[in-house]
Amino acid sequence: MNDEQQNLNQSENTKKPFFQSLFGRFFQGELKNREELVEVIRDSEQNDLIDQNTREMIEGVMEIAELRVRDIMIPRSQIIFIEDQQDLNTCLNTIIESAHSRFPVIADADDRDNIVGILHAKDLLKFLREDAEAFDLSSLLRPVVIVPESKRVDRMLKDFRSERFHMAIVVDEFGAVSGLVTIEDILEQIVGDIEDEFDEEDVADIRQLSRHTYAVRALTDIDDFNAQFNTDFDDEEVDTIGGLIMQTFGYLPKRGEEITLKNLQFKVTSADSRRLIQLRVTVPDEHLAEMDDVEEKAE
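The rules behind the values
Residues numbered from 1 in each chain as written. Predicted model: local features only at pLDDT ≥ 70, side-chain atom pairs only at ≥ 80, totals over all residues. Heavy atoms only, no water. Buried < 20%, exposed > 50% of the residue type's maximum accessible area, 1.4 Å probe, protein only. Helix = DSSP H or I, 4+ residues; strand = E, 2+ residues; numbered from the N terminus. Pairing = 2+ DSSP bridges. Core = buried A, V, L, I, M, F, W, Y, C linked by side-chain atoms within 4.5 Å. Contact = heavy atoms within 4.5 Å. Axes fitted to C-alpha atoms, helices over the stretch in contact; angles between N-to-C directions. Phe/Tyr/Trp six-rings, centres within 6.5 Å; stacked < 30°, edge-to-face > 60°. Parallel < 35°, antiparallel > 145°, perpendicular 65-115°, else oblique. Left-handed = near helix turned anticlockwise from the far one by under 90°.

K.L.:
Lay out the pairing of strand β9 (residues 213-217) in plain terms, naming residues and giving numbers.
P.N.:
Most of β9 sits out of view: four of its five residues are buried. Where strand β8 (residues 206-208) folds back onto β9 in an antiparallel hairpin, the turn is made up of four residues. Summarising the sheet, β9 and strand β12 (residues 276-282) pair through five bridges and their orientation is antiparallel. Bridging across to β12, R217 finds its partner in Q278.

K.L.:
Could you give me a rundown of the nonpolar core, with the residues and numbers involved?
P.N.:
If you look at the biggest cluster of nonpolar residues, it comprises 24 residues, and the most contacted ones within it are F225, F229 and F266. For this core, the elements supplying multiple residues, two or more each, are β9, α8 (222-229), α9 (241-249), β10 (258-261), β11 (264-271), β12 and α10 (285-298). Looking at this core element by element, the count peaks at four residues for α9. Beyond its immediate sequence surroundings of up to four residues, F229 is in contact with I206, Y214, V216, L264, V281, V283, H287 and M291. Core analysis: the second largest hydrophobic core is formed by 16 residues, M73, V153, L157 and A168 among them.

K.L.:
Account for the sheet that holds strand β1 (residues 74-75), naming residues and giving values.
P.N.:
The four strands lie next to each other as β1-β7-β6-β5, forming an open sheet whose pairing is mixed. Edge positions in the sheet fall to β1 and β5 (146-148), since each of these pairs with one other strand and no more. In the packing of helix α7 (residues 183-191) onto the sheet, contacts are made with β1 and β7 (177-182), and the angle to β7 comes to roughly 65°.

K.L.:
If you had to explain the packing of aromatic side chains to someone new, which residues and values would you point to?
P.N.:
In this structure the tally under the stated criterion is eight aromatic pairs. For the pair Y214 and F229, a centre-to-centre distance of 4.9 Å together with 80° between the ring planes defines the contact as edge-to-face. One end of the pair, Y214, is in strand β9; the other, F229, is in helix α8, and 15 residues separate them in sequence. In this structure F229 comes out as buried when scored by relative accessible area, which is 0%. Among the aromatic residues, ring-to-ring pairing joins Y214, F225, F229, F233 and F266 into one connected group.

K.L.:
Talk me through the packing of helix α2 (residues 34-46) against helix α3 (residues 52-64); I want residue IDs and the actual numbers.
P.N.:
Two quantities define a packed helix pair, namely the angle between the axes and the distance from one axis to the other. At a minimum axis separation of 9 Å, α2 and α3 run at an interaxial angle of 165°. As judged from the angle between their axes, α2 and α3 are roughly antiparallel. Seen from above, α2 lies across α3 with right-handed handedness. Along the contact surface, α2 presents R34, L37, V38, I41, R42 and E45, while α3 presents Q52, R55, I58, E59, M62 and E63.

K.L.:
Break down the sheet that holds strand β3 (residues 102-108) for me, citing the residues and quoting the values.
P.N.:
Sheet strands pair by backbone hydrogen bonding; their relative direction is either parallel or antiparallel. The strand order across the open sheet formed by three strands is β2-β3-β4, and the pairing between neighbours is mixed. At either margin of the open sheet sits one strand with a lone partner, and together these are β2 (82-83) and β4 (111-120). Bridge analysis of β2 against β3 gives two bridges, and the strand direction is parallel. Each residue of the ladder has a partner; that of E83, found in β3, is I106.

K.L.:
Which residues make up unusual backbone geometry, and what values go with them?
P.N.:
One non-glycine residue with positive phi stands out, namely K262, at about 50°. The topology assignment puts K262 in the loop between β10 and β11. For N263, which is not glycine, the phi dihedral falls at a positive 75°. If you trace the backbone, N263 turns up in the loop between β10 and β11. Owing to a relative accessible area of 40%, N263 belongs among the partly exposed residues under this scheme.

Printed below as a string of structure tokens:
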């Protein structure tokens, strides 16, 4: 054995005891449930063993183990489809207007459950050259990955990584398309909303992220919130939903803190030292049914 191999083995032998010692100090005693683990993690932040971002990511990883794909998917109504008979210019216009990078392709505009493939926007670049071959959309399609609504999010992330794909079509128990999920949707559950240079700065106060979740600006008027979610929050003392959340907490909550009001779960996704900026609202199935009933009556 040469000196380099000997040093490597010594390094590996010292790593294990070091990390065992580290985690032994971090998790002192036997933890009996998830709540105790969360408490230890938050105490570690208070004691400066980890920073706020690390604590939020650890909690995010723990949360996705309890979520199903239906909880984070982009709903069917918000999917941008491309038809397999579209020409190059029509495809490019759709891509430019939506600023997405992947699109489900359907064979018939009236049958959105029949997805024949996935189009990657980058695959169209070669057709923009002067000497490009004839455009054939069908030859560019990638295979469709189909997953059930009930699939666990942590399993979905594992599949994304191991199978090297970034988008899956979500179907309900009858095989109908109910939405789609991307690896970015899962990562946002861990690290918070991911924005890039193409995201619009002037976004709506209330944006639907999936069937059950909404992004809500803290400055949203309570009247507008009530109209959207069929709630009856009082606006006599505060005008905005962010003000209502702060009033309920009794202090300025940090990013990642949660509270449930009138069966809706509110999670702070963005805040600074002075104010709340963004909230994520999770709506349970029974309340979704009430919202749908109100919308149908309004129509």
